[in-house]
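What follows is each chain in one-letter form.
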Amino acid sequence: MHATRSDACIATVYIIRIASPVSLGSETFGWVPVRFMAEGQSPAGQSGQLPDLSHNVKLDYVRLGCRYLINHILTLLSISLVAAVAIEALGTRWLDLAYDLQSVLVGFVVLVLGSTVYLMTRPRPVYLVDYACHVPPHKLQIPLRLLKERWRNFGTMDEPTLQFQLKVIERSGLGEETYAPEAMHSVPPRPSMALAREETEQVMFGALDALFENTAVNPKDVGVLVVNCSLFNPVPSLSSMIVNRYKLRSTVRSFNLGGMGCSASVIAVGLAGDLLQVHHATYAVVVSTENITQNWYAGSRKSMLVANCLFRVGGAAVLLSNRLVDRRRAKYRLVHVVRTHRGADDKAYGCVYQEEDDDGNVGVSLSRDIMAIAGGALKANITTLGPLVLPVSEQLLFLAKLVAKKLWSDRTKQHIPDFKRAFDHFCIHAGGRAVIDELEKNLELRPVDVEASRMTLHRFGNTSSSSIWYELAYIEAKGRMRKGHRVWQIAFGSGFKCNSAVWQALRNVKPSPHGPWEDCIQRYPVQTFHQIASPQQDAQPQPQQH
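Residues numbered from 1 in each chain as written. Predicted model: local features only at pLDDT ≥ 70, side-chain atom pairs only at ≥ 80, totals over all residues. Heavy atoms only, no water.

Points about the packing of aromatic side chains
Working step 1: Enumeration according to the criterion identifies 15 aromatic pairs in this entry.
Working step 2: Taking the centre distance of 6.2 Å and the plane angle of 10 degrees together, the rings of Phe419 and Phe423 count as stacked. The two residues Phe419 and Phe423 agree in class, both being buried.
Working step 3: For the pair Phe492 and Phe496, a centre-to-centre distance of 6.2 Å together with 40 degrees between the ring planes defines the contact as tilted.
Working step 4: Judged by relative accessible area, Phe492 falls into the buried class, the value being 0%. (Phe/Tyr/Trp six-rings, centres within 6.5 Å; stacked < 30°, edge-to-face > 60°. Buried < 20%, exposed > 50% of the residue type's maximum accessible area, 1.4 Å probe, protein only.)

Overview of the confidence of the model for the chain
Working step 1: The predicted model of the chain has a mean per-residue pLDDT of 81, with 75% of residues at 70 or higher.
Working step 2: In the model, residues 1-47 has pLDDT below 50 throughout and makes 240 contacts with residues more than four positions away in sequence or in other chains.
Working step 3: The low-confidence segment residues 532-546, where pLDDT is below 50, has 19 contacts with residues more than four positions distant or belonging to other chains. (pLDDT = per-residue confidence, 0-100. Contact = heavy atoms within 4.5 Å.)

Remarks on the packing of helix H5 (residues 159-170) against helix H9 (residues 302-310)
Working step 1: Where H5 meets H9, the axes come as close as 10 Å, and the angle between the chain directions of the two elements is 50 degrees. By the angle between their directions, the pair H5 and H9 is classed as oblique. With respect to the hand of their crossing, H5 and H9 are arranged in right-handed fashion. Judged by residue contacts, Thr161, Phe164, Gln165, Val168 and Ile169 of H5 engage Lys302, Leu305, Asn308 and Cys309 from H9.
Working step 2: Within the contact of H5 with H9, the residues separate by chemical class into 5 nonpolar, 3 polar and 1 charged. (Axes fitted to C-alpha atoms, helices over the stretch in contact; angles between N-to-C directions. Helix = DSSP H or I, 4+ residues; strand = E, 2+ residues; numbered from the N terminus. Parallel < 35°, antiparallel > 145°, perpendicular 65-115°, else oblique. Left-handed = near helix turned anticlockwise from the far one by under 90°. Nonpolar A, V, L, I, M, F, W, Y, C, P; charged D, E, K, R; others polar.)

Some thoughts on the pairing of strand E5 (residues 315-321)
Working step 1: Where burial is concerned, most of E5 is hidden: 7 out of the 7 residues are buried.
Working step 2: Judged by which residues are buried, E5 turns out to be covered on both faces: Gly315, Ala317, Leu319 and Ser321 on one side and Ala316, Val318 and Leu320 on the other are all buried.
Working step 3: Strand direction decides the pairing type here: strand E1 (residues 127-133) and E5, joined by 6 bridges, are antiparallel. By the bridge assignment for E5, Tyr127 is matched with Ser321.
Working step 4: Pairing of strand E4 (residues 283-289) with E5 involves 7 bridges; the strand directions are antiparallel. (Pairing = 2+ DSSP bridges.)

Topic: a nonpolar patch on the surface
Working step 1: A grouping of Phe108, Val109, Val112 and Leu113 is seen on the molecular surface, where their side chains present a nonpolar patch of about 380 Å² in accessible area.
Working step 2: With respect to the helices and strands, Phe108 occurs in helix H3 (residues 101-121).
Working step 3: Among the residues examined, Phe108 registers a relative accessible area of 53% and is labelled exposed. (Patch = residues over 30% accessible without salt bridge, like charges linked within 9 Å, V, L, I, M, F, W, Y side chains within 5 Å. Areas by Shrake-Rupley, 256 points an atom, 1.4 Å probe, with all protein chains shown as cover. Salt bridge = Lys/Arg side-chain N within 4 Å of Asp/Glu carboxyl O.)

Focus: the pattern of salt bridges
Working step 1: Taken as a whole and assessed by the stated rule, the structure comprises 17 salt bridges.
Working step 2: The closest approach of N and O atoms between Asp130 and Lys331, which form a salt bridge, is 3.1 Å. In this pair, Asp130 sits in strand E1 while Lys331 sits in the loop between E5 and strand E6 (332-341), placing the two residues 201 residues apart along the sequence. Judged on exposure class, the residue Asp130 and its partner Lys331 are both buried.
Working step 3: The partner of Asp326 in a salt bridge is Arg323, and the shortest N-O contact between them spans 2.9 Å.
Working step 4: Judged by its relative accessible area of 2%, Asp326 falls in the buried class.
Working step 5: When salt bridges with common partners are traced through the structure, they connect Arg433, Asp437, Glu440 and Arg454 into a single cluster.

Regarding the nonpolar core
Side chains of nonpolar character tend, in soluble globular proteins, to be buried together.
Working step 1: Counting residues in each nonpolar core, the largest one holds 116 residues, and the members touching the most others are Leu320, Tyr332, Trp469, Phe496, Trp503 and Trp517.
Working step 2: Residues contacting Trp517, with those up to four places away along its chain left out, are Met455, Thr456, Arg459, Phe460, Tyr470, Ala473, Tyr474, Ala477 and Tyr524.
Working step 3: Core analysis: the second largest hydrophobic core is formed by 27 residues, Leu208, Leu211, Tyr283 and Leu319 among them. (Core = buried A, V, L, I, M, F, W, Y, C linked by side-chain atoms within 4.5 Å.)

Structure (structure tokens):
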């Protein structure tokens, strides 16, 4: 349908149809908000939190969102008008038509041609047949105690750097069962191209093996392949690695998206969905991952250290189809993909930037402005998404208060639509505890709405763009997904972008075999740092366990 030191950073989300061209190639690494502390205070005028979404809604974004809605309305009105004219004509001239063979033939030809044009030009439905999330072997788990111990033994960190990372990890919301790559289990870490390839192959092939086994799809039937990984793009490409491993056919349309950050899975799904509009009766596979081995930051700049604390090994593979025969076994149908890109603004473009520090160590630097920039991107995205998904009553209330604000008082609090009336489940990218807290507050969500994000962060850490699929798997494992339910996936990425995908469940969805939560779902939800710091939330009723 889009470098400076930092006191605060963001790392946040969710599904699928795109309205603007997808950028192929390298933008900078994509995060979304995870607040972290550094020396000093935030710059004047900055609270270190997402801006209040109830103010400064721009009419440009309202017009853009309404334009999408109006396009669909005009189509419906045109069809209704043609039908009304046809009924009237048949009612008034039925006797004449009964004896006028030429008119009957002309009418029949027009009807057939019109129906053919409609069937050929209408958007093809895109179905999510199934998906699989990779669970690394147990030996790669890195409990927080072990992580702290190894940091102390590295010998490359001064005491302030070590204490900063310890403080971040203690407040991160990560649990004791996240996974680090093989290279990070050595003291000191020994990243290399060979180990980076080994990590990526283990993740991608592990997820794809499970996906093809669960769906019984022959890899040679795949017509579209889209792979996204921000910071590891070797030659041959990751998509070529998959083509070679599974011997995909020579005509497969393969794409490799690099540098697009934590929102890249939504972009990849949108691209695959667009390709399924023009390639008939085929499958599309989307693979989302990130490489940790080659992106360990060995310096001391605090704006670059957060990645070491939050990012963990993970990845997901998604099977999409436009074949009507697959509707009966598919889990979801792609409803919308809405992308917001703020890259035209210099501050937004540079707020997440890969560069070298003063000692030549490569890392991703996060600007002090990232929270405000992410808030603006989020505001633009949800204002565009609202007219597509919200009930008419919510839209009218939003419009009325917007007009009142413009006509009578700039201090009038803008109405924030209740997205709980549009969506049954929320998949907010598990980039960090702070971003989940802020979105829960600003969108007025309930604890159960962000439970999947918090528990994914606790169990698997920040797995970058694939985290939204672990969250979706959590909802399924809890037995909460019912036919007709709508899911909102939302993520932020470098550039700066905020992307949303909306899915609708086609049946009561059960978890697929060998899912990521299969051996631990009975232990969740667990108490996290957020709940310890805010004990009043313990009084909130927990969802029924299944």
